[in-house]
Amino acid sequence: MDKYSPQEIEKKWQEKWESDDAYKTEIDESRQKYYVLEMFPYPSGNLHMGHVRNYSIGDVVARYRMMAGYNVLHPMGFDAFGMPAENAAIEHGVKPSDWTFSNIKNMIRQQKAMGLAYDWNREVETCRADYYRWTQWLFELFYKRGLAYKKEASVNWCDKCGTVLANEQVIEGKCWRCDSEVHKKNLAQWFFKITDYADELLADLNKLEGWPNRVRIMQENWIGRSEGLEFELDVPELNEKLAVYTTRPDTAFGITFMALAPEHPLVEKICKVSPKAAEIKAFCERVHGQSEIERTSSESEKEGIFTGYYCINPFNGHKAQIWVTNYVLADYGTGAIMGVPSGDQRDWMFATKYGIEIILTLQPKGQQLKLEDMKAAYVEKDGELVNSGKFTGMEMHKAIKAIIDEAESQGFGRRKVNYRLRDWLISRQRYWGAPIPIIYCDKCGEQLVPEEDLPVLLPEDVEFKQGTLSPLSTSKSFNECKCPKCGSHAHRETDTMDTFICSSWYYLRYADPHNDKLPFDRDKVNYWNPVDQYIGGIEHAILHLLYSRFFTKVLRDAKMLDYDEPFTNLLTQGMVIKDGKKMSKSLGNVVSPEEIIDKYGADTARLFILFASPVDRDLDWSDEGVQGSFRFLNRVWRILDIFGEAIKNGSINYDINTLNDEEKILHRILHKTIKKVTEDLRDRFAFNTAISTLMELVNAMHVFQNKPINPNLARESADALLKMLAPFVPHIAEELWSHFFEGSVHKQNWVKFDESAIVEDEIEIVLQINGKVRDRIKVAADLDKSAMEKTVLDLPRTKELTEDKTIVKVIAVPKKLVNIVVK
RNA sequence: GCGGACGUGGCGGAAUUGGCAGACGCGCUGGACUUAGGAUCCAGUGACUUCGGUUGUAAGGGUUCAAAUCCCUUCGUCCGCACCA
């Protein structure tokens, strides 16, 4: 046998698998389906190590499940719309489509060089008209169901990207893509009504037992459900009512002021009549001038201006000053809050700064708080009410209910559920996205593009300049059109859709990628979906994963599919880091997958990445570690070369009793390995320990490198070893398999272990005295507790160690140890 | 501030149900083979040690016959949210 040469064999088998269409998938009702999916990439042009890790994990899962008898769907595609393609157009004059397609071509080449078992017949590219046609169709579905609407709102604007962003896409006041600062702008924009599904998105998190808890908690916090009371206060001087929302109705008797967001409508009304109008306006403008971070950081100084007007607390008739402040959010609740300095730390700071009255309404049971001694608000959710009329003395939680009931029976308030989650802003002022299929007619207003006219194609006569308008508005051929209803002159919506919409349904398209009548066939989707195992980075914990869940629920309600959640199990892989830092060009610590594959082969790259760390933890890149993986594959190659003649002469069905003692040990290790590797793959995604067990097996086989081995055992070992290696290192496994066996190793059934082969007659147990290991002895494996005790107590070593002591207690744990407690 | 995760040799990590801490790999040390070795093979490798042992899983305390694992306190690292009333 020649020496191991990955460059030769990997190319050879990749070509063979491709020409055989070896991983083509079709519906087969007789077999259990298994859908494994890695998050599809943005076509930046080159794979990075994070991709390699992601796909290596997915490929192991896919190949293992195939061998375990499942009908496996394992597709790949590209999230191909997005800003970088457009930047290439701006900077280098390349067409976004050309840039994107040539990047895709290169990435597919790299993916194929990894030896991944994808069904390429199902590939999707979201930027192609045969895909975005259906993205537009789904927009129309949402529209028809009342879930897509346009409204003027204060939205997040990123100057650098020249577009608006959804809330989820603003990270600490900065753009998720380019990290530049985001500020607010009033614009008419399209939204998806994700808030209609807030309750279900929250409740169904409980169904996602196969998701990391971390991700569920992040989504729970993002949705941010709260229960409370909404009620109105009269503003007699203006003949107006002011509504507020609170989760702490128990403190309502302590209201001493009202805090309004500068954007609150009442502020405008006050400015029309107030002598202080100029001052108030100036304050509002100053707050508007603050950045998103300054305005929303809890660190920021709380500021405000008294309007000179008052409202009346309906619970006790107390007058409360109306203030405009910088710390109330305009778009949460009613944009106004009740100020209770004694029960809320922010209100406390505000009131003490401006000398506003403080009334105590809650104190710990059996304790008397004194305002003059207090240096902060009493914010514990525990205690008894004071100064609260007929509710005085009531326990806090009871009081919350009673006070809400009071407001409801008096008719000035009601129970209310609020969410932190906002509607999803989906329009983008960019070119390289799916056009929003809407036509504006002067007579008929906003109209959907008729279904039969879809797709609304992206035009090519556009200028790529960044401003507040989409480049699409520079295309005359695109912009001008006829109204679908009355036929008169009209114009198109020139914004495109957030690319997160494209990625919210791609996993459904894989089930039926060539359908030209519908986005997908209901039966096909119901066969393959939901995704059994989804694999990707934690960075999508909210964004993509929340949006996809929302899409799934809407499509279910539209009777297009039959289940509630898109991804049954989720695996969030860790990052690939080097020298303690994330790989990045600016740090100059990037390792190129292509170089590694050229030098060592894809099998080595895959093996290292899977072995070096548990899948969900960060992985420290190590060049020495890669060499170690390469060394291991050479070791596998060499031992099977040494065993070559024996393997060819052996037979897998044989009598174990013909093995000598050394061979029996290998036989037992072999079956223990099968058990361990099977469990690690099937139940735990513990690829690192599965590989370490395989290394131990190969080490055990090396015992026979210089002495004869029973041919039957050699054949059995080779058969099992190659089958177990196949999911991890598909090329070398296939190559070695072809030397000794028939067909493709990847089409074989997964190995089974023989329970009886694992059983040992004699095992080593530990003798402990007071919990400390004092000796190790061999005993029969099936020895019961009392026999173990007796055996151990009779040992000379035990007698020696317990001679002048009293034995208090003896604990025997079968197959493990005997612990003797002495005094 | 709130929420979550984590802390084990020189390094990556293992210990799945409370039961022999450090599997496997990297690195290192020694040896074999060799003209040569950055190939391969073999052996060793937590620390301390008077070679009997002692000690050891961030620190301290607790539960237990027995704790890396369970409980409490403290420290540290990382992640998420960050005025959501």
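Another aspect to go through is the overall build of chain A. In terms of helices and strands, chain A carries 28 helices and 34 strands. Seen through its C-alpha atoms, chain A measures out along the principal axes to roughly 105 × 85 × 50 Å. Accessible surface for chain A amounts to roughly 36,700 Å². Of this, 48% is attributable to carbon and sulfur atoms. Charged side chains of chain A number 107 positive and 124 negative; the gap between the two group centres comes to 2 Å.

With mixed pairing, the 4 strands of this open sheet are ordered in space as 32-31-34-33. Across the chains shown, the open sheet's two edge strands, defined by having one partner strand only, are strand 32 (772-780) and strand 33 (807-813). Shown here is a sheet whose adjacent strand axes are inclined to one another by a mean of 20°, direction ignored. Taken together, the 8 bridges between strand 31 (residues 762-769) and strand 32 define a ladder with antiparallel strand orientation. Bridge pairing in strand 32 places Glu762 opposite Ala780. Sitting on the sheet, helix 27 (residues 785-793) touches strand 31, strand 32, strand 33 and strand 34 (817-822), and the angle it makes with strand 33 is about 125°.

Another aspect to go through is the environment of Cys483. Residue position: Cys483 is located in the loop between strand 23 (480-482) and strand 24 (489-492). Sequence spacing of Cys483 and Lys443 is 40 residues, and the spatial spacing of their C-alpha atoms is 8.9 Å. When sequence neighbours within four positions are dropped, the list of residues in contact with Cys483 reads Ile439, Cys441, Cys444, Gln447, Ser488 and Ala490.

Moving on, we get to the nonpolar core. Within the largest apolar cluster, 187 residues are counted, with the highest numbers of intra-cluster contacts made by Trp424 and Trp621. Apart from residues lying up to four places away in sequence, Trp621 is in contact with Met49, Val576, Ile577, Lys578, Met583, Val591, Ile596, Phe608, Ile609 and Val626. Leu233, Cys284, Val324 and Trp348 belong to the second-largest nonpolar core, a separate cluster that totals 48 residues.

Before going further, it helps to spend a moment on the protein's contact with RNA strand B. In the vicinity of RNA strand B there are 57 residues, among which Thr246, Thr296, Arg346, Lys676 and Arg776 approach most closely. Sugar plus phosphate: this is where 64% of the atoms of RNA strand B within 4 Å of the protein reside. In this structure, a sugar or linking oxygen belonging to RNA strand B sits 2.9 Å away from a side-chain N or O atom of Arg638. For the surface near RNA strand B, the element with the highest residue contribution is helix 23 (residues 687-701), accounting for 6 residues. When grouped by side-chain class, the residues that make up the surface near RNA strand B number 18 nonpolar, 17 polar and 22 charged.

Moving on to the packing of aromatic side chains. Both the distance between ring centres and the angle between the ring planes are used here to describe each pair of aromatic rings. All chains considered together, the criterion is met by 54 aromatic pairs. Seen in terms of ring centroids, Tyr506 and Tyr507 are 5.8 Å apart; in terms of plane orientation they differ by 80°. Their pairing is edge-to-face. Accessibility expressed as a relative area gives 0% for Tyr506, which makes it buried. Looking at Tyr507, the relative accessible area reads 0%, which means it is buried. Aromatic ring contacts, followed pair by pair, group Phe139, Phe142, Tyr143, Trp176, Trp190, Phe192, Tyr197, Trp424, Phe500, Tyr547, Phe550 and Phe551 into a single cluster. The aromatic ring of Trp17 is capped on one face by Arg63, whose charged end is 5.0 Å from the ring centroid. Positioned over the ring face of Tyr70 is Arg65, at 5.0 Å from the centre of the ring.

Our next topic: the side chain of Arg715. Mapped onto the elements, Arg715 comes out in helix 24 (residues 711-725). Comment: no salt bridge for buried Arg715; closest opposite-charge side chain is Asp719, at 6.8 Å. A polar contact of 2.9 Å, which involves the side chain of Arg715, links it to the backbone oxygen of Ile647. A distance of 3.5 Å separates a polar side-chain atom of Arg715 from the backbone oxygen of Phe740. Apart from residues lying up to four places away in sequence, Arg715 is in contact with Ile647, Lys648, Gly650, Ser651, Ile652, Phe740 and Phe741.

Attention shifts here to the pairing of strand 33. Looking at chain direction, strand 33 and strand 34 are connected through 6 bridges and run antiparallel. If you follow Val810 over to strand 34, its bridge partner there is Ile820. Connecting strand 33 to the next strand, strand 34, in antiparallel fashion are 3 residues, including Lys815 with a positive phi near 70°.

To continue, consider the packing of helix 5 (residues 129-144) against helix 17 (residues 543-557). It is at 11 Å that the axes of helix 5 and helix 17 come closest, and there the two elements cross at 65°. If you check the angle between helix 5 and helix 17, you find them roughly perpendicular. Here helix 5 and helix 17 pass one another in a crossing that is left-handed. Across from Leu138, Leu141 and Phe142 in helix 5, the residues of helix 17 making contact are Phe550, Phe551, Val554 and Leu555. For the contact of helix 5 with helix 17, the class distribution of residues is 7 nonpolar, no polar and no charged.

As a further point, take the packing of helix 22 (residues 661-684) against helix 23. Look at helix 22 against helix 23: their axes get within 9 Å of each other, and the N-to-C directions meet at 165°. Considering their axes alone, helix 22 and helix 23 lie roughly antiparallel with respect to each other. Like other packed secondary-structure pairs, helix 22 and helix 23 cross with a definite hand, here left-handed. Contacts from Leu666, Ile669, Leu670, Thr673, Lys676, Val677, Asp680, Leu681 and Arg684 in helix 22 reach Phe687, Thr689, Ala690, Thr693, Leu694, Leu697, Ala700 and Met701 in helix 23. Partitioning the contact of helix 22 with helix 23 into residue classes produces 11 nonpolar, 3 polar and 3 charged.

What follows covers the pattern of salt bridges. A complete count under the given rule lists 55 salt bridges for this structure. The partner of Asp204 in a salt bridge is Lys553, and the shortest N-O contact between them spans 2.6 Å. Of the two residues, Asp204 is situated in the loop between helix 6 (198-203) and helix 7 (213-223) and Lys553 in helix 17; the sequence distance between them amounts to 349 residues. According to the relative accessible area criterion, Asp204 is buried, its value standing at 7%.

Calculation rules
- Residues numbered from 1 in each chain as written.
- Chains lettered and ligands numbered in written order.
- Predicted model: local features only at pLDDT ≥ 70, side-chain atom pairs only at ≥ 80, totals over all residues.
- Heavy atoms only, no water.
- Helix = DSSP H or I, 4+ residues; strand = E, 2+ residues; numbered from the N terminus.
- Areas by Shrake-Rupley, 256 points an atom, 1.4 Å probe, with all protein chains shown as cover.
- Lys, Arg positive; Asp, Glu negative; His and termini not counted.
- Charge placed at Lys NZ, Arg CZ, Asp CG, Glu CD.
- Pairing = 2+ DSSP bridges.
- Axes fitted to C-alpha atoms, helices over the stretch in contact; angles between N-to-C directions.
- Contact = heavy atoms within 4.5 Å.
- Core = buried A, V, L, I, M, F, W, Y, C linked by side-chain atoms within 4.5 Å.
- Buried < 20%, exposed > 50% of the residue type's maximum accessible area, 1.4 Å probe, protein only.
- Near = heavy atom within 4 Å.
- Polar contact = N/O pair within 3.5 Å; in protein donor to acceptor, adjacent residues only side chain to side chain.
- Nonpolar A, V, L, I, M, F, W, Y, C, P; charged D, E, K, R; others polar.
- Phe/Tyr/Trp six-rings, centres within 6.5 Å; stacked < 30°, edge-to-face > 60°.
- Lys NZ or Arg CZ within 6 Å of the ring centre and 35° of its normal.
- Salt bridge = Lys/Arg side-chain N within 4 Å of Asp/Glu carboxyl O.
- Parallel < 35°, antiparallel > 145°, perpendicular 65-115°, else oblique.
- Left-handed = near helix turned anticlockwise from the far one by under 90°.

Interpretation in functional terms is not warranted from these geometric data alone.
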